[in-house]
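Read off the chains here:
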Amino acid sequence: MTVTLRPAVADDLMSVGALHQRSRIAAYSSFLPPEALAEPTPEAMGAYWVERWTWERDEHLMTVAEQDGRLVGFSYLGPDDAGDPATGLLNAIHLDPAERGRGTGRALMVDALDTMRVRGWRRAVLWVLESNAPARHFYERGGWQATGDRREERIGPTRTPQLRYARQLPGC
């Protein structure tokens, strides 16, 4: 079965939210406590994406992955959060838990990197949870390297240290 990538449309956002919440639970439950993942609900996560996209869709791009008409993943990218005009930020890649290890994440990453290059960026950055060893390994296999920059945010009541990764874009 082939996965198809396409730009997201407004009608996708509630499904994106539900998938995002399923992905977070599957990816983070081995290192975050249950109370950190209890909220938001899939509906609240969908509302979050509707609101976020309303404000960011002119500068950001969401790509969805579909298989047989069913949403199985998404990526979200935009300008660098540190303000470097030569750098794009890969904000997210999330997959339906059943898609892990099937190449969908890699397809979304390759597409995001190509899109960033076409938009004129020469470098890409992202933030990844320090405790998320599978995601860190995924990005490192894709040519990303930790920069040494760190930040801390919260997922629910839990502080979550994050590491910044970077890589040059293909052809740059």
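Before reading on, note that the structure itself is shown above.
A quick note: this is a predicted structure, and the numbers were derived from the prediction, not measured. (Residues numbered from 1 in each chain as written. Predicted model: local features only at pLDDT ≥ 70, side-chain atom pairs only at ≥ 80, totals over all residues. Heavy atoms only, no water.)

S.K.: Provide a residue-level description of helix α1 (residues 13-28), including the pertinent values.
M.R.: In this model α1 runs 22 Å from its N-terminal to its C-terminal C-alpha over 16 residues, within 8% of the 22 Å that 1.5 Å per residue would give. Of all the residues in α1, the buried ones are L13, V16, G17, L19, H20, Q21, S23, R24, A27 and Y28. (Helix = DSSP H or I, 4+ residues; strand = E, 2+ residues; numbered from the N terminus. Expected span 1.5 Å × (residues − 1). Buried < 20%, exposed > 50% of the residue type's maximum accessible area, 1.4 Å probe, protein only.)

S.K.: I'd like to hear about the pattern of salt bridges, residue by residue, with values.
M.R.: A complete count under the given rule lists 12 salt bridges for this structure. We note a salt bridge from E66 to R6, for which the minimum N-O separation is 3.0 Å. Within this pair, whereas E66 is found in strand β2 (residues 61-67), its partner R6 is found in strand β1 (residues 4-7), the two being separated by 60 residues in sequence. Taking the shortest distance from any N to any O, the salt bridge between R22 and D96 comes out at 2.9 Å. Taken together, the residues span a long stretch of sequence, with R22 in helix α1 and D96 in the loop between β4 (87-95) and α4 (104-118) at a distance of 74 residues. (Salt bridge = Lys/Arg side-chain N within 4 Å of Asp/Glu carboxyl O.)

S.K.: Outline the nonpolar core, listing residues and values.
M.R.: Formed by 22 residues in total, the largest nonpolar core has its most connected members in L90, Y139 and W144. Those elements giving two or more residues to this core turn out to be β3 (70-79), β4, α4, β5 (123-129), α5 (133-141) and β7 (158-168). If one sorts the elements of this core by residue count, α4 sits on top with five residues. Beyond its immediate stretch of four places on either side in the chain, W144 contacts L90, M109, L113, A124, V125, L126, Y139, Y165, A166 and R167. Core analysis: the second largest hydrophobic core is formed by 13 residues, L19, M45, V64 and A92 among them. (Core = buried A, V, L, I, M, F, W, Y, C linked by side-chain atoms within 4.5 Å. Contact = heavy atoms within 4.5 Å.)

S.K.: Break down the sheet that holds β7 for me, citing the residues and quoting the values.
M.R.: Spatially, seven strands are ordered β1-β2-β3-β4-β5-β7-β6 in an open sheet, and the strand pairing comes out mixed. Both outer strands of the open sheet, β1 and β6 (145-155), are each paired with one neighbouring strand and no more. Here the strands of the sheet are splayed against their neighbours by 25° on average, with no regard to which way each runs. Across seven bridges, the pairing between β2 and β3 is antiparallel. For A65, the partnering residue across the bridge sits in β3 and is G73. The strands touched by α4 within the sheet are β1, β2, β3, β4, β5 and β7, with β4 carrying the most contacts at an inclination of about 160°. (Pairing = 2+ DSSP bridges. Axes fitted to C-alpha atoms, helices over the stretch in contact; angles between N-to-C directions.)

S.K.: Quick one: what's the story with unusual backbone geometry, residue by residue and with numbers?
M.R.: Across the junction of E39 and P40, the peptide omega takes the value 0°, indicating a cis bond. Structurally, P40 is set in the loop between α2 (34-37) and α3 (42-56). In the Ramachandran plot, D68 falls in the positive-phi region, its phi being about 50° despite a non-glycine side chain. By secondary structure assignment, the location of D68 is in the loop between β2 and β3.

S.K.: Any chance you could break down the side chain of D12 for me, citing the residues and the numbers?
M.R.: Mapped onto the elements, D12 comes out in the loop between β1 and α1. Looking at D12, its side chain comes within polar contact range of the side chain of R6, at 2.8 Å. Every residue in contact with D12, bar those within four places of it in the chain, is listed here: R6, P7 and V64. (Polar contact = N/O pair within 3.5 Å; in protein donor to acceptor, adjacent residues only side chain to side chain.)

Remember that the coordinates give geometry; whether it matters functionally is a separate question.
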